[in-house]
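Each chain, written out:
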Amino acid sequence: MRGTALARFAANRAAVVAAGVLVTVTAAAVLAPWLAPHDPLAVDLMNTLAPPSAAHPLGTDHLGRDTLSRLLFGARVSLGIAVTSIGAALVLGVGLGLLAAWHRGLVDAAFVRVMDVLLAFPDLLLAIAVVTILGRSQASTIVAVVVFSLPTLARVTRAAALGAVAHDFVLAARAAGASSRWILARHVLPACLTPIVAQATVMLGSAILLASGLSFLGLGVQPPDPEWGAMLSRGRDMLRAAPLGAVAPGVAITIVALSFSIAGDGLRDALDPKG
Amino acid sequence: MGDDVTAVRAGAALVLAALAAACSGAPPSPGGLRDTLIFSAPADATTLDPHNTTDTESDQVIQMVFETLIGFDDDMRIVGRLAERWEVADDGVTWTFHLRPGVTFHDGTPFDADAVRRNFARVLDPDQRHKRFQLFEMIDRVEVVDPETVRLITAYPFGAFEPTMAHISAAIVSPAVAERFGAAFGTTAEATAGTGPYRVAAWRKDQEITLERVDDHWRGTPPTRRIIYRPIAENAARVMALEAGDVDVISRVPPPDMRRMEQAGHVTVLRTASIGAQQFRFNVTKPPFHDPRVRRAIAHAVDRRAIVDTLLAGFATPSTSALTPIMRGYANLGEIPYDLARARALLREAGYPNGFRTKIATTPRYPMGVELAEVLASQLKQIGIEAPIEVYDWGTMVQFWQGLPPEKNPQEIFIMGAGASTADADWGLRPIFQSAPTNENNYGYYSNAEFDRVIQAAMRETDADARQALYRRAQEIVYLEDPGAIWLFDNYYLVATRTAVEGVTPSALGTVTFTRATVRD
């Protein structure tokens, strides 16, 4: 089964390219301290808005900082926020979704209502509300993205788990006197993994977009830390004088968000050919 | 009036006259001149009620539609407008204005002494809560002598009375229209009427304001029939609109674009020394900023030359005082030297040999606002001061400046643009640095007893030399000895036009006048 899923994924050329892009970007982010030609925070007022050169392959920004180095370190921040927040949202969302599906009744009804309320808010508005309450910082950006992605992941889990708990092997485990926790972990969760993994991958892309959006508005990562959304926001004023300052982070955000989306779809198709 | 004639403009007028003569009788664009000029600023006017606005983009339109009794010419000298002559009595409080006869408002109401009286009654009525109430609070009463003579009596001899009366908020609005529309005056084209060379023909909020010229205005008929104000918020988009020829004139151009366009030579780049200055203020109630030595140390740690030459692309000048050189009462105290050794010595003296941790609040609303904070942070690091940056949108930033008590205000170092629109030392210093809490515009809670005394004395001083000496002392205190801010640079007001545009005059007050502007086909 595993082998065939991998083969199906490999046959999806777009998904393979997307996965390749993600692996490369992740590697670049991890290796940023070694790959970056300059300190991303080093201000050089004698060399501002420089065009691309051997020393600065993507030129410099309005403070003379190397755009390529900021892009690489920005990948750490942007990917870091996305992975951390989706990871946290997965733990919480899967837990809540399983509990709701397992207990049904009042617990489930309450769960569905609360998630519906959260989903009813436009994502950026919800994120801005969270950041307004918690203050602007990288940590609050992460919380904002968790709050945004939690309901979707929890609902996907619940829907999958509702199907899984009806299976005969779950009934058999129950009849055998297994504990709820054991049944959920050993029988229900593995049966739900496919849609959860696919959804989480797609949501990594949304998380990148949301975090960049917050930073673009000045609510996320604060200067001078490099972050793609913030770089885009500051670079757009210099669009004519130094186009790469805005274009480079913009392209990076687009490619990575798109890659997560394509890879997530490919993953779903490969793991669950029926769907 | 004398203000309307300079050599350059006389030349432009000659060319115009020649063009007009060459193609006379060819409506609607005689002599290859367009009948419409399109101007783009970052924002729309919020209101066209001169008594109720404090933002430059509103003033931008207001100064074309309304006139004051006396005003500033292009060189910031005070000249007559709706008043032909004026004088002050020996008591120093009785000002008599002799009004220009035969002027009517755009709605047909005649302009006379009673209109002036009703205008000041309007702005000084505390119940109407006009934003400019405070600016004119020294006026005790207004007396109509005859239809062409009006007397304003101040509560005390006020040294800055003329520049205050030249402020655009002292503009005279049509009393008939003002009384008909009440609080809605200036919110639509119909609810706006002044005596200016242009009247408001249409206003679609956040899209377009159309001004139509007034024929046979007492200042002459402007050459261009229509002026359209079309706001474009995004700086890069505004610059591109100019370069594409979609608009004729833009204001608030990002300095790097100014340099690029100046070098390319495909547009005309205009700069005017302005009343505007950029600075970061200290919240002096937050230790260690209560210690003037710490503030002086920071002043020496900032390389203003480098900031001006690079970030501002040379389109600014390093500050030399708490006021800008074109303001009345300015004293040149020199640039504060960039001297890290001195900065470290002062910090040591104050008990912070290894620096400390603070934070910098900024907003992108100011040109290069975020970038300036980043440079400041990187320069403070050189003397051991760690200062993370907090970027706020304008709305949030303004909340910190709404008269909060100091203990409720978390800001420590915060960006601030200064620009006293009377171009006078009184308005440039008193509202900002006179001790709180009597003064809620003192966002940094600055307090210096000597400064307060000097400012109060200067305000009531009408002798020009004595006044200048007092303001010099005030600037020495707040700029050098007990600094209230990290003074950075004096702004130029930056305007760019298509090369087909002539006769555009940017004012030091941050507005552009189009009464002599032409656009060639």
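Asks: Please clarify how the layout of surface pockets should be interpreted in this entry.
Replies: One way to see where empty space is left: roll a probe the size of a water molecule over the atoms. Space inside the second largest pocket adds up to approximately 630 Å³. Lining the second largest pocket are 34 residues, with A:Pro224, B:Glu374, B:Ala377, B:Ser378 and B:Lys381 sitting closest to its centre. Breaking the lining of the second largest pocket down by element, the ones donating at least two residues are helix H11 (369-380) and strand S15 (389-391) of chain B. Among the elements that line the lining of the second largest pocket, the one with the most residues is H11(B), at 5 residues. For the lining of the second largest pocket, a count of residues per class yields 17 nonpolar, 6 polar and 11 charged.

Asks: When you look at the domain arrangement of chain B in this model, what are you seeing that I'm missing?
Replies: How big an interface is tends to be expressed through the accessible area that disappears when the partners come together. All names here are of chain B. On domain assignment, one finds that chain B holds domain 1 (70-177) and domain 2 (276-492). Using C-alpha coordinates to define each centre, domain 1 is positioned 33 Å away from domain 2. Facing the 15 residues of domain 1 at the interface are 15 residues of domain 2. When domain 1 packs against domain 2, the two sides together hide about 1300 Å² of surface, and 60% of this comes from carbon and sulfur. Considering only the surface of domain 1 that becomes buried against domain 2, Met76, Tyr156 and Gly159 emerge as the three largest contributors, covering 31% of it.

Asks: Help me understand the interface of chain A and chain B, please; the structure alone is not making it clear to me.
Replies: The interface of chain A with chain B comprises 20 residues on the first partner and 27 residues on the second. Where chain A abuts chain B, roughly 2100 Å² becomes buried across the two surfaces, and 58% of that area is made up of carbon and sulfur atoms. In this assembly, chain A and chain B are joined by 4 salt bridges. Between B:Glu374 and A:Arg65 there is a salt bridge whose closest N-O contact spans 2.8 Å. Run the count over chain A and chain B and you get 7 residue pairs in polar contact (both at pLDDT 80 or more).

Asks: Looking at this model, I keep getting lost on the nonpolar core. Mind explaining?
Replies: Burial of nonpolar side chains together is a common tendency in soluble globular proteins. Grouped together as the largest cluster of nonpolar side chains are 118 residues, with contacts concentrated most on B:Phe97 and B:Phe120. With 7 residues, the single largest contributor to this core is H11(B). Here this core spans two domains, and each of domain 1 (70-177) and domain 2 (276-492) of chain B adds at least three residues to it. If near-sequence neighbours (up to four positions away) are discounted, B:Phe97 is found in contact with B:Leu69, B:Ile70, B:Ala83, B:Arg85, B:Trp86, B:Glu148, B:Thr149, B:Val150, B:Leu152, B:Phe161 and B:Met165. A:Ala18, A:Ala29, A:Ile86 and A:Leu214 belong to the second largest nonpolar core, which has 39 residues in total.

Asks: Just checking my understanding: could you explain empty space enclosed by the protein for this structure?
Replies: All names here are of chain B. Applying the stated criterion to the full structure yields 2 cavities of 30 Å³ or more. Taken as a whole, the largest cavity encloses approximately 80 Å³ of empty space. Around the largest cavity, the lining is made up of 13 residues, and of these Ala41, Ala43, Asp44, Val61 and Tyr229 lie nearest the centre. No other element matches the 3 residues that helix H2 (residues 56-65) contributes to the lining of the largest cavity. When its residues are assigned to classes, the lining of the largest cavity shows 8 nonpolar, 2 polar and 3 charged. Counted as a void, the second largest cavity has a volume near 40 Å³. Around the second largest cavity sit Lys359, Ile360, Ala361, Glu390, Tyr392, Phe400, Pro410, Gln411, Glu412 and Ile413, which together line it.

Asks: What exactly am I supposed to notice about the packing of aromatic side chains here?
Replies: To describe a pair of aromatic rings, one takes the distance between the centres and the angle between the planes. All names here are of chain B. This model, assessed by the stated rule, comprises 21 aromatic pairs over all chains. Ring plane angle 65° and centroid distance 6.3 Å describe the contact between Phe66 and Phe185, whose orientation is recorded as edge-to-face. Of this pair, Phe66 sits in the loop between H2 and strand S2 (70-72) while Phe185 sits in the loop between helix H5 (175-181) and strand S8 (198-204); the two residues are 119 residues apart in sequence, bridging distant segments of the chain. Residues Phe66 and Phe185 agree in their burial class; the two are buried. Look at Trp401 and Tyr443: their rings are 5.3 Å apart centre to centre, the planes differ by 20°, and that puts the pair in the stacked class. Of this pair, Trp401 sits in the loop between helix H12 (394-399) and strand S16 (413-418) while Tyr443 sits in the loop between helix H13 (425-433) and helix H14 (449-459), and the two are 42 residues apart along the sequence. Note on Trp401: relative accessible area 8%, which makes it buried. Taken together, Tyr366, Trp394, Trp401, Phe414 and Tyr443 form an aromatic cluster joined through their ring pairs.

Definitions and limits used
In every chain, residue numbers begin from 1 and rise along the written sequence. Whichever chain is written first is A, and whichever ligand is written first is 1; the rest continue in order. Local features in this predicted model are restricted to residues of pLDDT 70 or higher, and side-chain atom pairs are both shown and tallied only at a pLDDT of 80 or more, whereas totals for entire chains, interfaces and linings draw on every residue. Only hydrogens and water are set aside; all other atoms, that is, all heavy atoms of the structure, feed into the side-chain values. A pocket, in this scheme, is an open set of points on a 1 Å grid over the protein atoms alone with protein on both sides within 12 Å along at least 5 of 7 lines, while a cavity is a set where a 1.4 Å probe fits but cannot get out; residues line either one if an atom lies within 4 Å of a point. Grid points are joined across faces, edges and corners, and a volume is the space filled by probe spheres set on the points. Every helix listed is a DSSP run of H or I at least four residues long, and every strand listed is a run of E at least two residues long, numbered separately from the N terminus. Asp, Glu, Lys and Arg are counted as charged, while Ala, Val, Leu, Ile, Met, Phe, Trp, Tyr, Cys and Pro are counted as nonpolar; the rest, among them Gly, fall into the polar class. What counts as a domain boundary in this text is fixed by an automatic or database domain assignment. Residue contacts are defined here by distance: any two heavy atoms, one from each residue, within 4.5 Å place the two residues in contact. The term buried area refers to how much accessible surface (probe radius 1.4 Å) is lost by two components on association, counted for both of them together. Take a side-chain nitrogen of Lys or Arg and a carboxyl oxygen of Asp or Glu: if they are within 4 Å of each other, that pair is a salt bridge. The definition of a polar contact used here is a pair of N or O atoms within 3.5 Å, where within protein one atom must be able to donate a hydrogen and the other to accept one, and adjacent residues in sequence count solely through side-chain atom pairs. For this analysis, a nonpolar core means a set of buried residues of the types Ala, Val, Leu, Ile, Met, Phe, Trp, Tyr and Cys, connected via side-chain atoms within 4.5 Å. For every residue, the accessible area (1.4 Å probe, protein chains only) is compared with the maximum for its type, and the residue is labelled buried under 20%, exposed over 50%, or partly exposed between those bounds. When two rings of Phe, Tyr or Trp (its six-membered ring) have centres within 6.5 Å they constitute a pair, described as stacked for plane angles under 30 degrees, edge-to-face for angles over 60, and tilted for the intermediate range.

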